[in-house]
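The residues making up each chain are set out below.
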Amino acid sequence: MTLRGQGVLLQVRRSTDVDGLSEELLDGLRAAATEVMPRMQETVVAGVRETLGRVLTGPAGAGEPPRKVEGDLQRSVEAGVVAWTLDRLRLRGSIMVMHPSGGRLEFGGLGIHPHPYYRPTIARLAPDLDRMVEDALR
Amino acid sequence: MNWDRTWDAVATLLEADADITAVVGSAIYLDGERPYAVPSMTATLVVDTEGEVWAPADWQLDVYARTMTAVTRVERAIRRILDGPAPIIEVDGVGVLTRFLAGRTTRGPETDQWYHRSLDFRLEPVRALYHPAADPEEE
């Protein structure tokens, strides 16, 4: 990934070991995964928007999620447009942050402190996302 | 809370590597501790999951240098230390499993002035390390 001061595509990845399963069973699992991925993306989008909703009186500290000012960054978070693939049972969804500073804020750069908002959100939501996958595959 | 101790352990390993110090010297520090400089390596704690049993912590390491060759030299050294065949470091007698998660390149408007790689690692305590020499049965 190369960032040049533009929006950023962030991936939602979950994997399940399906070695040894029959093709018939795999087809059923793929169908369930296809159904659950959009819901996972919606969960992540809502979670990221929540993370970006902090209203502070001063600037966010180094390493903290950015504070909400106008809400442009928060509003620019949306689910990826069919940007996910299914290879065996490795689910790859994505969310897009269209704001020009979306990538720079998440990862930083020379003279710009990283203000991660996506990776902490994924860590917070990981148990929920795993549960959604388990329920869908049951 | 483990992140501060794990960073100290990682920093000690990085500072002891000849390839890394040949490029960035002693400029290895937590993001925000010093003004930005080129060359340098900074670290940012991205995720600190205190609630989980193993309390994994995700770190972002940023490498800045004047040439991409120098940046990749440092990245190769970091990957050798934190993503090798036996990627376990020791923090106060506890083994910490280290895993490479992702990497990216950021370029600024002054693209000829500096080059950058940003690397994510997960540091995950696994168990107390066994030291045969410290085993009373062996002494």
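Structural data are supplied above this passage.
Residues numbered from 1 in each chain as written. Chains lettered and ligands numbered in written order. Predicted model: local features only at pLDDT ≥ 70, side-chain atom pairs only at ≥ 80, totals over all residues. Heavy atoms only, no water.

Concerning the overall build of chain B
Then, in step 1: A tally of regular secondary structure across chain B gives 3 helices and 6 strands.
Then, in step 2: Start at the N end of chain B and walk to the C end: the helices and strands fall as α-α-β-β-β-α-β-β-β.
Then, in step 3: Residue burial in chain B is summarised as follows: out of 139 residues, 47% are buried.
Then, in step 4: Per element, the accessible surface of chain B, about 6,900 Å² overall, is 53% carbon and sulfur. (Helix = DSSP H or I, 4+ residues; strand = E, 2+ residues; numbered from the N terminus. Buried < 20%, exposed > 50% of the residue type's maximum accessible area, 1.4 Å probe, protein only. Areas by Shrake-Rupley, 256 points an atom, 1.4 Å probe, with all protein chains shown as cover.)

A closer look at helix H4 (residues 118-137) of chain A
Then, in step 1: Of all the bends in H4(A), the greatest reaches close to 55 degrees and is centred on Leu125(A); the proline Pro127(A) follows between one and four positions later.
Then, in step 2: Listing the buried residues of H4(A) in full gives Tyr118(A), Arg119(A), Thr121(A), Ile122(A), Leu125(A), Ala126(A), Leu129(A), Met132(A), Val133(A) and Ala136(A). (Bend = angle between axes of the 7 residues up to and from the residue.)

Considerations on the interface of chain A and chain B
Then, in step 1: Counting from both sides, the interface comprises 20 residues of chain A and, opposite them, 22 residues of chain B.
Then, in step 2: Remark: the boundary between chain A and chain B carries 1 salt bridge.
Then, in step 3: Between Arg119(A) and Asp120(B) there is a salt bridge, and its shortest N-O distance comes to 2.9 Å.
Then, in step 4: In this assembly, chain A and chain B are joined by 7 residue pairs in polar contact (both at pLDDT 80 or more).
Then, in step 5: Elements that contribute at least two residues to the side of chain A that touches chain B include exactly strand S1 (2-3), helix H3 (102-107) and H4 of chain A.
Then, in step 6: Of the residues belonging to the side of chain A that touches chain B, the class tally is 10 nonpolar, 6 polar and 4 charged. (Contact = heavy atoms within 4.5 Å. Salt bridge = Lys/Arg side-chain N within 4 Å of Asp/Glu carboxyl O. Polar contact = N/O pair within 3.5 Å; in protein donor to acceptor, adjacent residues only side chain to side chain. Nonpolar A, V, L, I, M, F, W, Y, C, P; charged D, E, K, R; others polar.)

Considering the packing of aromatic side chains
All names here are of chain B.
Then, in step 1: Counted under the stated rule, the structure contains 5 aromatic pairs over all chains.
Then, in step 2: Measuring from centroid to centroid gives 5.5 Å for Trp7 and Trp59, while their planes differ by 25 degrees, and the two rings are stacked. Placement of the pair is Trp7 in helix H1 (residues 3-15) and Trp59 in strand S3 (residues 57-65), with a sequence separation of 52 residues. The residues Trp7 and Trp59 share a single accessibility class, namely buried. (Phe/Tyr/Trp six-rings, centres within 6.5 Å; stacked < 30°, edge-to-face > 60°.)

A closer look at unusual backbone geometry
Residue and element names in this part refer to chain B.
Then, in step 1: A cis amide bond, omega 5 degrees, links Val38 with the succeeding residue Pro39.
Then, in step 2: Looking at the element boundaries, Pro39 is found in the loop between strand S1 (28-30) and strand S2 (40-48).
Then, in step 3: Here the phi dihedral of Asp92 falls at roughly 50 degrees; this positive angle occurs in a residue that is not glycine.
Then, in step 4: By relative accessible area, which is 58% here, Asp92 ends up exposed.

Examining the pairing of strand S5 (residues 94-106) of chain B
Residue and element names in this part refer to chain B.
Then, in step 1: As paired elements, strand S4 (residues 88-91) and S5 share 4 bridges and run antiparallel to each other. Pairing of Ile88 across the sheet is with Leu97, part of S5.
Then, in step 2: Hairpin connection, S4 to S5: the antiparallel pair is bridged by 2 residues, and Asp92 has positive phi, about 50 degrees. (Pairing = 2+ DSSP bridges.)

A closer look at the side chain of Asp31(B)
Then, in step 1: You can see Asp31(B) is positioned in the loop between S1 and S2.
Then, in step 2: Arg119(A) is the oppositely charged side chain nearest to the buried, salt-bridge-free Asp31(B), at an N-O distance of 10 Å.
Then, in step 3: Polar contacts involving the side chain of Asp31(B) include one to the side chain of His113(A), which spans 2.6 Å.
Then, in step 4: Those residues in contact with Asp31(B) that sit more than four places away from it in its chain are Ala62(A), His113(A), Pro114(A), Tyr36(B), Thr42(B), Ala43(B) and Thr44(B). (Lys, Arg positive; Asp, Glu negative; His and termini not counted.)

Describing the environment of Thr21(B)
Residues and elements named next belong to chain B.
Then, in step 1: By the secondary structure assignment, Thr21 is in helix H2 (residues 18-24).
Then, in step 2: The exposure class assigned to Thr21 is partly exposed, which follows from its relative accessible area of 29%.
Then, in step 3: Distance from Thr21 to Gly32, taken between C-alpha atoms, is 20 Å for residues 11 residues apart in sequence.
Then, in step 4: The contacts of Thr21, once residues within four sequence positions are left out, are Leu14 and Glu15.
Then, in step 5: Side-chain polar atoms of Thr21 contact the backbone oxygen of Asp17, separated by 3.0 Å.
Then, in step 6: One polar contact links the side chain of Thr21 to the main-chain carbonyl oxygen of Ala18, over a distance of 3.2 Å.

Some points on helix H3 (residues 68-82) of chain B
All names here are of chain B.
Then, in step 1: Taking 1.5 Å as the rise per residue, H3 with 15 residues should run 21 Å; its terminal C-alpha atoms sit 21 Å apart, in good agreement.
Then, in step 2: Among all positions in H3, only Ala70, Val71, Val74, Glu75, Ala77, Ile78, Ile81 and Leu82 are buried. Each buried residue of H3 sits inside an arc of 160 degrees when the element is viewed along its axis, so together they form one side. Away from the buried face of H3 by more than 90 degrees, exposed residues Thr69 and Arg76 are located. (Expected span 1.5 Å × (residues − 1). Arc of directions from axis to C-beta.)

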